[in-house]
Amino acid sequence: MSAMASTIKGWFTRGADGAAALPVRLGGRGSFSTPTRSVQVRGFDQPLVWVTVSLLLWGLVMVYSASIAMPDNPRFANYAHTHFLIRHIASIGVAFVAALLAFQVPVQTWEKVAPYLFIASLVLLMLVLIPFIGKGVNGARRWIALGILNFQPSELAKFAVVLYAADYMVRKMEVKERFFRAVMPMGIAVAVIGLLLLAEPDMGAFMVIAVIAMGILFLGGVNARMFFLIAAILVVAFGLMIALSEWRRERIFAYLNPWDDRYSMGKGYQLSHSLIAIGRGEIFGVGLGGSVEKLHWLPEAHTDFLLAVIGEEFGLVGVVTVICLFLWLTRRLMHIGRQAIALDRVFAGLVAQGLGLWMGFQSFINMGVNLGALPTKGLTLPLMSYGGSAILINLIAIAVVLRIDYENRQLMHGGRV
């Protein structure tokens, strides 16, 4: 007892000996002290990076699998079997460098250049309609030939609309309850882009852009009644486009019954063979490289209908895995956006959420088309389908979200942006 009493007394004794006796650290090491460890704060969202890399690598493998037999077609007789694989690898390489550069740009700079980037996208959408500038493929004029790269301005327009709509909502925050001052100018801007896209024609891109703009307005706090009014106007507009266009009506009828003799070899050909491919895959698929539909039966297998090849070679398991990856990606982008808004960074938050809407809605449309749940539209699967412009802009968009997350982490740990 006397030994214990002397020990307890020593705890409360000042001086070098007392400090050494304390079971806590007072500048030196006590009996219960542990070695200090430096706290490592990750500067970016690593799971988001790895999911993006996984989609890119899986898409690379599937693009090669879906395009390896294309040189057997007389139309592509001059191409090597690795032609699309090499171009896709080159596109990913260029996009990766561009994404690294985009990550270095502060979000404040993106906010400043948003209006100019929007104007630049409008100019490019106009240029693509000029015959000796725009390149036509399968009856659509959507690309500008830049030597080794065919650039698609509609992909830049999606990214530009996200930035512009977010910047617009920040500037109009005080009048967001007034239709003519808050909503009408944005509606006119989207209508101008829509007219240019429909002239290509590219109704799919117009749908994505309209949803992005409408979603950012809603997330920015626009009155619910105005939101539903905008939604109703868009539904009526798209309905009139279909009703007044014979080939769009035929596409809807083909979607409703792709096996009909009138459509099975025409407007319903892609959908019917996409369904055949997915049906052949069953649960676990026929194995990588074992697809039959990619052997000149399924058109655009390496672009718009890549998911059908995935379904045939990896089965239901592969399709569900892709869906889960895009669901996680979309949810993560929206979470980063909410986090930024909670830190009073409205522009950054709306940009991240707008990019989440873009990735989520476009992947939803592509999957719905491949599975026969939606009418056929010319929209690629983000991060996976073949296409240099899409991969470039998609990776830049992911880099911008990573930058937003990086700045969020800096603020939460007492740093400055």
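Conventions adopted
- Residues numbered from 1 in each chain as written.
- Predicted model: local features only at pLDDT ≥ 70, side-chain atom pairs only at ≥ 80, totals over all residues.
- Heavy atoms only, no water.
- Helix = DSSP H or I, 4+ residues; strand = E, 2+ residues; numbered from the N terminus.
- Buried < 20%, exposed > 50% of the residue type's maximum accessible area, 1.4 Å probe, protein only.
- Contact = heavy atoms within 4.5 Å.
- Areas by Shrake-Rupley, 256 points an atom, 1.4 Å probe, with all protein chains shown as cover.
- Lys, Arg positive; Asp, Glu negative; His and termini not counted.
- Salt bridge = Lys/Arg side-chain N within 4 Å of Asp/Glu carboxyl O.
- Core = buried A, V, L, I, M, F, W, Y, C linked by side-chain atoms within 4.5 Å.
- Pairing = 2+ DSSP bridges.
- Axes fitted to C-alpha atoms, helices over the stretch in contact; angles between N-to-C directions.
- pLDDT = per-residue confidence, 0-100.
- Expected span 1.5 Å × (residues − 1).
- Arc of directions from axis to C-beta.
- Patch = residues over 30% accessible without salt bridge, like charges linked within 9 Å, V, L, I, M, F, W, Y side chains within 5 Å.
- 1 Å grid on protein atoms, 1.4 Å probe; cavity = no way out; pocket = protein on both sides within 12 Å on 5 of 7 lines; lining within 4 Å.
- Points joined across faces, edges and corners; volume = space filled by probe spheres on them.
- Nonpolar A, V, L, I, M, F, W, Y, C, P; charged D, E, K, R; others polar.

### Overview of the overall build of the protein chain
Along the protein chain, the regular secondary structure elements total 14 helices and three strands. Residues classed as buried in the protein chain amount to 48% of the 417 residues present. Within the protein chain, counting contacts between residues at least 6 apart in sequence, those at least 24 apart form 69% of the total. With the model as given, the accessible surface of the protein chain reaches about 20,800 Å², and the carbon-plus-sulfur share is 66%.

### Notes on the environment of Ala66
Locating Ala66 in the fold gives a position in helix α3 (residues 46-67). As for Ala66 and Phe84, which are separated by 18 residues in sequence, their C-alpha atoms are 9.5 Å apart.

### Regarding the side chain of Lys377
Mapped onto the secondary structure, Lys377 falls in the loop between α13 (346-370) and α14 (388-412). Comment: no salt bridge for buried Lys377; closest opposite-charge side chain is Asp202, at 6.4 Å. Filtering out sequence-adjacent residues up to four positions away, Lys377 remains in contact with Met203, Gly204, Arg251, Asp304, Ile365 and Val369.

### Brief notes about the nonpolar core
Phe159, Val322, Val351, Leu355, Met384 and Ile404 are the most contacted members of the largest nonpolar core, which totals 109 residues. Those residues in contact with Leu355 that sit more than four places away from it in its chain are Phe159, Val162, Leu333, Ala397, Val400 and Val401.

### Overview of the pattern of salt bridges
Scanning all chains against the criterion turns up eight salt bridges. Here Glu313 and Lys294 are joined by a salt bridge, their closest N and O atoms 3.2 Å apart. Here Lys294 lies in the loop between α11 (269-281) and α12 (306-342) and Glu313 lies in helix α12, a separation of 19 residues in the sequence. The class of Glu313 is buried, set by a relative accessible area of 1%. Taking the shortest distance from any N to any O, the salt bridge between Glu407 and Arg403 comes out at 2.9 Å. One end of the pair, Glu407, and the other, Arg403, are both in helix α14, four residues apart, so they sit about a helical turn from each other.

### Points about unusual backbone geometry
Look at the link from Glu200 to Pro201: it is a cis peptide, with omega at -5 degrees. Mapped onto the elements, Pro201 comes out in the loop between α7 (179-199) and α8 (203-219). Even without a glycine there, the phi angle at His296 is positive, about 70 degrees. By relative accessible area, which is 41% here, His296 ends up partly exposed.

### Side note on the sheet that holds strand β1 (residues 134-137)
Pairing in this open sheet of three strands is antiparallel, and the strands run β1-β2-β3 from one edge to the other. Each of the sheet's edge strands pairs with one partner strand only, and the pair in question is β1 and β3 (149-151). For this sheet, the mean inter-axis angle between neighbouring strands, taken without regard to orientation, is 50 degrees. Sheet topology places strand β2 (residues 140-146) next to β3; three bridges connect them, and they run antiparallel. Across the sheet, the residue bridging to Ala145 is Asn150, located in β3.

### What to know about the confidence of the model for the protein chain
Chain-level statistics for the protein chain give a pLDDT mean of 84 and a share of 88% at 70 or above. Counting interchain partners and residues more than four positions distant, the pLDDT-below-50 stretch residues 11-41 has 18 contacts.

### Notes on helix α9 (residues 224-244)
Helical geometry: 3.6 residues make up each α-helical turn, so side chains three or four residues apart lie on a common side. Taking 1.5 Å per residue, 21 residues should reach 30 Å; α9 reaches 30 Å between its end C-alpha atoms and fits that length. The set of residues buried in α9 consists of Met226, Phe227, Ile230, Leu234, Phe238 and Met241. Looking straight down α9, one finds its buried side chains confined to an arc of 110 degrees; they lie on one side. Residues of α9 that are exposed and point more than 90 degrees away from the buried face comprise Arg225, Phe228, Val235 and Leu244.

### Let's talk about a nonpolar patch on the surface
Taken together, the side chains of Ile283, Phe284, Leu316, Val317 and Val320 present a nonpolar region at the surface, about 470 Å² in accessible area. Its place among the elements puts Leu316 in helix α12. On the accessibility criterion, Leu316 (45% relative accessible area) is partly exposed.

### A word on empty space enclosed by the protein
Within the structure shown, the criterion is met by one cavity of 30 Å³ or more. The calculated volume of the largest cavity comes to roughly 30 Å³. Of the residues that constitute the lining of the largest cavity, the class distribution is four nonpolar, two polar and two charged.

### Topic: the pairing of β2
Inspection of the sheet shows β1 paired to β2 by four bridges, in the antiparallel sense. Note on β2: the bridge partner recorded for Val137 is Ala140.

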